[in-house]
Each structure stands twice: as structure tokens, then as C-alpha cells.
Amino acid sequence: MYAVKVGEGSPVGLVQYAMHGREFITARLAFHHYKIGVARGSCWLIPLINPDGALLSERGIESAPNAHRQTLLDMNVGEDFSLWKANGRGVDLNVNFPARWGKGMKNTRMTGAENYIGKSPFSEPETRALRNFTLKIRPDYTISYHTKGEEIYWYFYQSTRTCPRDMSLASVLSQATGYPLAQAKGSAGGYKDWCIQRLGIPAFTIEAGSNDFDHPLGENALEDIIEKNGTAIYALSREMQDK
């Protein structure tokens, strides 16, 4: 996992991509965001949070170590890994954070392609690394890029003090992307959720990519994703100055 910084000073942003294996196309978006940069302050970009899961989805079982292949095949109940979301240990990283952990509607207690919460919050090396890096740089805002559906999630039981702030900033992202605001009802344990609950900062999940595209979204969807999301971070950083 690598992080690259654009800009200098405050506000500080953190944008992470490809936390779900089958959403590997968002990692390509990170390089476009690097070229655009930010309007104010600085931003850390982490293009690929889940390298093992992305390889499984994009390249299949041949990408896994020989000793681990049968375990993965058993977890996946088949040889088609194109829809795999979890990491290489069968844990869905975006339900592995301590923010109402284990209370999501689709959460499972068994390893597999998606929705397994892990043995405990931060049980996975990827989520621990993201936690440690987040606490180190103390961002003023975070964005998580997922696919698909073209909507923006911003709410996770914020206080009455911070809720108007976060909704206002979410509207900035909505205007920049053309995506409507939405609530991920019944969802819990995500990175966005943890950032809101633990750090009290505005945090957003952007579901990029039209539902006209099938999972996993590939290069055929990238132009559309870049066109609609290319200036999102730039626009948000500009508005963060007074928040």
C-alpha cells in the first residue's frame, strides 16, 4: 500500500480507493486526481487499499500464492473471482472498522467474498495500516471511492453540531460530480463511519460508476468515472477553508 501527497498545508485530506477487490477501477481514478491536485491545502491519495482482493477480482485464483489457493476456492465456492470484494483472507475491509461494528444488515460471521466483518475490528493488516496512517496525519476530511451507483453517502449518526457542516460539504461533492446525496441504510463498520465517529470530521463515500456498467467495472467505465469525478477533490478542498 502506497500513499502520495499533493499540495501543502491545511486543510489536509485523505482519499482512499479500491477497498473492495472488484472495485479496482477506482485505483485508476487516483492518478487523475494526482494530476488535478487540490485548490487549497494538501491531500494524501491511497490508490489501492486492497491489493490482494483487487488481484483476485482482476486476474483470478492464479494471482494467489499456491498454498492459499484451495482455501480461497473454498471460501468463494467456485473459480470465478470477478465479484470478489474481500481481502485475501476473506474479510470485507469496509466492515472491519469499530463504528457500530457487526451491526450492518448484510454483515456475516463467516469468511467469504463479501460482508464478513472479521474476528474483531481492525483484525486485518490493511485496516490497521489505514487506521494508523489516518491517525498520524489527522486529516480534516476523507473520501472513500467505491463502485457503483453514482451516489454519495455522508451520514453516520453525526451530532446536531456537525451534521449541517457535513451535509453542506456533501452538497459540494454532489455539485462537482452530479451524483445525488444518499444514506447507506443498514450499513456499519466502514472507514467513512469510523472517521465520522472517531475523529468527528466530514467523511464521504462516493459510489462512482453508472449502474449501466456491470461489476467489476473495467476500463470501459473509466472515462465516464473520470469525467464526473475528476474535480471532486479539488472542489471539496476549496470549500474546506471555512469549515
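The paragraphs below set out a description of the structure included in this document.

1. Describing the sheet that holds strand S1 (residues 4–7)
Working definition: the strands of a sheet are paired by backbone hydrogen bonds and lie parallel or antiparallel to each other. The strand order across the open sheet built from 7 strands is S1-S3-S2-S4-S7-S5-S6, with neighbouring strands paired in mixed fashion. With partners counted over all chains shown, the strands left at the sheet margins are S1 and strand S6 (181–182), one partner each. Pairing of strand S2 (residues 12–17) with strand S4 (residues 141–147), which is carried by 5 bridges, proceeds in the parallel orientation. When the sheet's bridge partners are listed, Val-15 is paired in S4 with Ile-143. Helix H6 (residues 191–199) rests against S2, S4, strand S5 (151–153) and strand S7 (203–208) of the sheet, and its axis sits at about 165° to S7.

2. So, the packing of helix H4 (residues 125–137) against H6
Orientation of H4 relative to H6, taken along the N-to-C sense of each, is 40°, at an axis distance of 12 Å. With respect to H6, the axis of H4 lies oblique. In the packing of H4 onto H6, the handedness of the crossing is right-handed. The residues of H6 that touch H4, namely those facing Leu-130, Arg-131, Thr-134 and Leu-135, are Tyr-191, Trp-194, Arg-198 and Leu-199. Of the residues contributing to the contact of H4 with H6, the split by class is 5 nonpolar, 1 polar and 2 charged.

3. Overview of the packing of helix H5 (residues 163–177) against helix H8 (residues 232–239)
H8 packs onto H5 with a crossing angle of 145° between their chain directions and a minimal axis gap of 9 Å. Note that H5 runs across H8; the crossing there is right-handed. The segment H5 lies against H8, with Leu-169, Val-172, Leu-173, Ala-176 and Thr-177 engaging Ala-232, Ala-235, Leu-236 and Glu-239. Of the residues that constitute the contact of H5 with H8, the class distribution is 7 nonpolar, 1 polar and 1 charged.

4. Focus on H6
With 7 of 9 residues buried, H6 is to be regarded as a mostly interior element. For H6, the set of buried residues is Tyr-191, Lys-192, Asp-193, Trp-194, Cys-195, Ile-196 and Leu-199. Structurally, H6 contributes buried residues whose contacts are with S2, H4, S4, S5 and S7. Phi turns positive one or two residues past the end of H6, at Gly-200, with a value near 70°.

5. A few points about the pairing of S2
The element S2 is extensively covered by neighbouring structure, given that 6 of its 6 residues are classed as buried. Residues Val-12, Leu-14 and Gln-16 of S2 are buried on one face, and the alternating residues Gly-13, Val-15 and Tyr-17, pointing to the opposite face, are buried as well. For S2 and strand S3 (residues 42–46), the ladder comprises 5 bridges, and the chain directions are parallel. Directly across from Leu-14, in S3, lies its bridge partner Trp-44. Taking the sense of rotation as the criterion, the β-α-β connection linking S2, helix H1 (residues 26–36) and S3 turns out right-handed.

6. Looking at helix H3 (residues 66–76)
Here H3 has its buried residues at Leu-72, Leu-73, Met-75 and Asn-76. Looking straight down H3, one finds that the buried residues subtend no more than 160° of arc, so they occupy a single side. Facing away from the buried side of H3 by over 90 degrees, the exposed positions are Ala-67 and Asp-74. Elements in contact with the buried residues of H3: helix H2 (51–59). Val-77 sits one or two residues past H3 and shows a positive phi near 55°.

7. As for the packing of aromatic side chains
Under the defined criterion, the tally for this structure stands at 11 aromatic pairs. For the pair Trp-44 and Phe-133, a centre-to-centre distance of 5.3 Å together with 85° between the ring planes defines the contact as edge-to-face. Separated by 89 residues along the polypeptide, Trp-44 in strand S3 and Phe-133 in helix H4 bring together distant segments of the chain. An aromatic cluster is built from Phe-97, Phe-122, Tyr-191 and Trp-194, whose rings are joined through pairwise contacts.

8. Some thoughts on the pattern of salt bridges
Should the charged atoms of two oppositely charged side chains come close, the side chains can pair. A complete count under the given rule lists 11 salt bridges for this structure. Where salt bridges share partners, they join Arg-28, Glu-58 and Glu-219 into one cluster.

9. Details of the side chain of Glu-150
Along the polypeptide, Glu-150 turns up in the loop between S4 and S5. Within the structure, the side chain of Glu-150 is placed 2.8 Å from the side chain of Lys-228, a separation counted as a polar contact. Aside from chain neighbours lying at most four places away, what touches Glu-150 is Tyr-179, Pro-180, Glu-207, Gly-209, Ser-210, Asp-224 and Lys-228.

Conventions we followed
- Residues numbered from 1 in each chain as written.
- Predicted model: local features only at pLDDT ≥ 70, side-chain atom pairs only at ≥ 80, totals over all residues.
- Heavy atoms only, no water.
- Pairing = 2+ DSSP bridges.
- Helix = DSSP H or I, 4+ residues; strand = E, 2+ residues; numbered from the N terminus.
- Contact = heavy atoms within 4.5 Å.
- Axes fitted to C-alpha atoms, helices over the stretch in contact; angles between N-to-C directions.
- Parallel < 35°, antiparallel > 145°, perpendicular 65-115°, else oblique.
- Left-handed = near helix turned anticlockwise from the far one by under 90°.
- Nonpolar A, V, L, I, M, F, W, Y, C, P; charged D, E, K, R; others polar.
- Buried < 20%, exposed > 50% of the residue type's maximum accessible area, 1.4 Å probe, protein only.
- Right-handed = clockwise from strand over helix to strand, strands pointing away.
- Arc of directions from axis to C-beta.
- Phe/Tyr/Trp six-rings, centres within 6.5 Å; stacked < 30°, edge-to-face > 60°.
- Salt bridge = Lys/Arg side-chain N within 4 Å of Asp/Glu carboxyl O.
- Polar contact = N/O pair within 3.5 Å; in protein donor to acceptor, adjacent residues only side chain to side chain.

Interpretation in functional terms is not warranted from these geometric data alone.
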